[in-house]
Amino acid sequence: MPPISSDKAALHAYEPIRIREIASYSLGDAGFNLYWAPLSAFLMVYLSDVVGLSLVSISTLLITMRLISAFADPVFGAIADRTRTAHGRYRPWFLWLCLPLAASAIMFFSITNAPPDARLIGAYVGLILMNLIYTAANTAYNALSGVITPDSVQRELIMSSRFGAAFLSAVFITWITPRFIDWAGRGNAALGWQFVMTIYGVIAVVILVNLFLQTHERFASNAPPNANPLLDVAELFRNRPWVILFGLAGVVMAASMLRTSISPYFMKAYAGRPDLVVSFLMTFTLGLAAGSVSVAFVTRVMSRPASIALMLGIVALSGLGLYLSGPHQILLMFALQAVSGAAFGFIGTLTFAMYADTADFNAWKTGHRATAMTYSMIMFSKKVGAAGAAAFIGWALAGYAANLPVSPLILDNIRLLMGLAPAILALVGIGIIALYDLTPEKVVKLQAQLLGGLGRSESSQLP
């Protein structure tokens with residue numbers, strides 16, 4: 001086996017990624033956050049309190065939207081992997097989709113202009129359309145991280161920068177959105193939402209165009225995808241490290257979805273502090289940012305699987321603490337919210353860098369590169385996990401109505417979904433990540449073989 005230093009020398013032949021490019025790539029997630037952050041924090045409240053839909057209807061809508069989006073992910077992944085332009089496979093999608101994405105968001109947040117009995121249909125059409133366009137653009141964005149550099153260590157740096165910017169921007173967007181709506185709507189929340197999402201759409205268009213202009217696709221392997229996209233999917237499910245991350249992604253997303261979606265109800269209904277809802281959500285997002293930037297430091301002293309298991313343990317303990325906390329223990333709730341956010345941020349950032357490694361492993365093992373499909377199927381797992389969480393939320397909060405007294409049963413269910421359910425899912429995640437064995441040293445070796453035009457059949461086995 002050649003020494004690792006020799007393998008790394010092959011990677012250094014590639015043009016190093018520059019600070020401006022890292023900043024532009026990271027800013028791209030801030031652009032996507034102009035859609036994701038308001039939807040993540042306020043979608044259920046918007047649909048229930050502004051549009052006037054019932055929680056059961058909203059839950060069904062979210063399940064339908066996420067399942068459609070989940071099955072669309074591999075379709076968009078297959079298309080992106082087979083795109084051939086002078087500007088690369090993935091970057092052109094930012095130009096093609098930035099305006100349709102903005103227009104679809106404006107349409108969705110204008111459904112209050114429709115008569116009340118037509119709003120549910122409008123919500124289905126608007127939200128599903130916006131989510132499909134978002135999914136297509138985000139598929140290309142995720143895949144770009146796998147070809148922007150072949151260096152696994154640089155990928156960690158890029159992911160830390162990306163998610164740090166993403167979560168910090170989410171904090172700001174979460175904080176300013178309700179204030180911006182109040183100012184723009186002047187008492188009319190529906191008008192405020194429409195105005196704010198129009199402004200966000202214009203800003204996002206500028207950011208996505210800059211993302212196209214400032215980034216490059218360096219690690220473009222000669223290994224093509226399969227002629228049949230279904231074969232790409234079949235090969236992924238024979239890729240053991242990827243399968244482990246696929247399972248982990250669904251579990252972690254379900255836990256995160258429960259925490260973020262229930263947080264407003266937990267603070268408003270259980271703690272009796274509706275004035276602290278936005279601050280509570282921001283605390284979680286600040287934790288996400290802190291966790292994302294800590295990845296490079298923690299992985300210097302711990303292996304990737306061990307550090308993820310540690311963070312999942314923190315999620316489990318903080319969830320148990322939130323479940324047991326009394327309604328007046330506000331400081332404890334905020335502390336546990338911040339700690340769990342940091343753990344989720346760490347896991348999300350590190351696993352995104354690891355997805356690119358499994359894409360390289362797949363290309364080395366099979367001779368076929370399917371980077372976008374690698375990420376798309378991971379997103380499929382996440383969306384199925386989110387759909388499952390949405391189903392539990394709809395069942396547990398059936399009977400909830402805005403501005404009406406909350407029954408003791410629903411309060412108990414809010415505590416369960418806020419704390420105990422994410423804790424159980426985190427323990428499942430610990431068992432899954434314990435099976436992962438694709439180390440950075442193995443990745444360096446297989447990448448060197450890929451750059452030399454060698455695959456598994458033509459090279460020595462990995463250690």
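Coordinates for the structure precede this section.
Notes on the structure follow. These numbers were taken from a predicted model, which means no experiment stands behind them. (Residues numbered from 1 in each chain as written. Predicted model: local features only at pLDDT ≥ 70, side-chain atom pairs only at ≥ 80, totals over all residues. Heavy atoms only, no water.)

**Structural notes on the packing of aromatic side chains**
Right, on to step 1. This structure, assessed with the given rule, holds 30 aromatic pairs.
Right, on to step 2. Between F266 and F280, the aromatic rings sit 6.1 Å apart at their centres with planes inclined by 20 degrees, giving stacked as the arrangement. Of this pair, F266 sits in helix α9 (residues 240–270) while F280 sits in helix α10 (residues 277–293), and the two are 14 residues apart along the sequence. With respect to burial, F266 and F280 carry one shared label: buried.
Right, on to step 3. Site record: aromatic cluster; members linked through ring pairs are Y25, F32, F94, Y134 and Y141.
Right, on to step 4. Sitting above the plane of the F352 ring, R162 keeps its charged end 4.7 Å from the centroid.
Right, on to step 5. In this arrangement the basic side chain of R415 is found over the ring face of Y323, its NZ or CZ atom lying 4.6 Å from the centre. (Phe/Tyr/Trp six-rings, centres within 6.5 Å; stacked < 30°, edge-to-face > 60°. Helix = DSSP H or I, 4+ residues; strand = E, 2+ residues; numbered from the N terminus. Buried < 20%, exposed > 50% of the residue type's maximum accessible area, 1.4 Å probe, protein only. Lys NZ or Arg CZ within 6 Å of the ring centre and 35° of its normal.)

**With respect to the pattern of salt bridges**
Right, on to step 1. Applying the stated criterion across every chain yields a total of 9 salt bridges.
Right, on to step 2. Among the salt bridges present, the one from D29 reaches R162, with a minimum N-O distance of 2.6 Å. Residue D29 is located in helix α2 (residues 19–51), and its partner R162 is located in helix α6 (residues 152–185); the two are separated by 133 residues in the primary sequence.
Right, on to step 3. For D29, a relative accessible area of 8% translates into the label buried.
Right, on to step 4. For R162, a relative accessible area of 3% corresponds to the buried category.
Right, on to step 5. Among the salt bridges present, the one from R240 reaches D437, with a minimum N-O distance of 3.4 Å. Note that R240 is positioned in helix α9 and D437 in the loop between α15 (408–433) and α16 (440–451), a separation of 197 residues in sequence. (Salt bridge = Lys/Arg side-chain N within 4 Å of Asp/Glu carboxyl O.)

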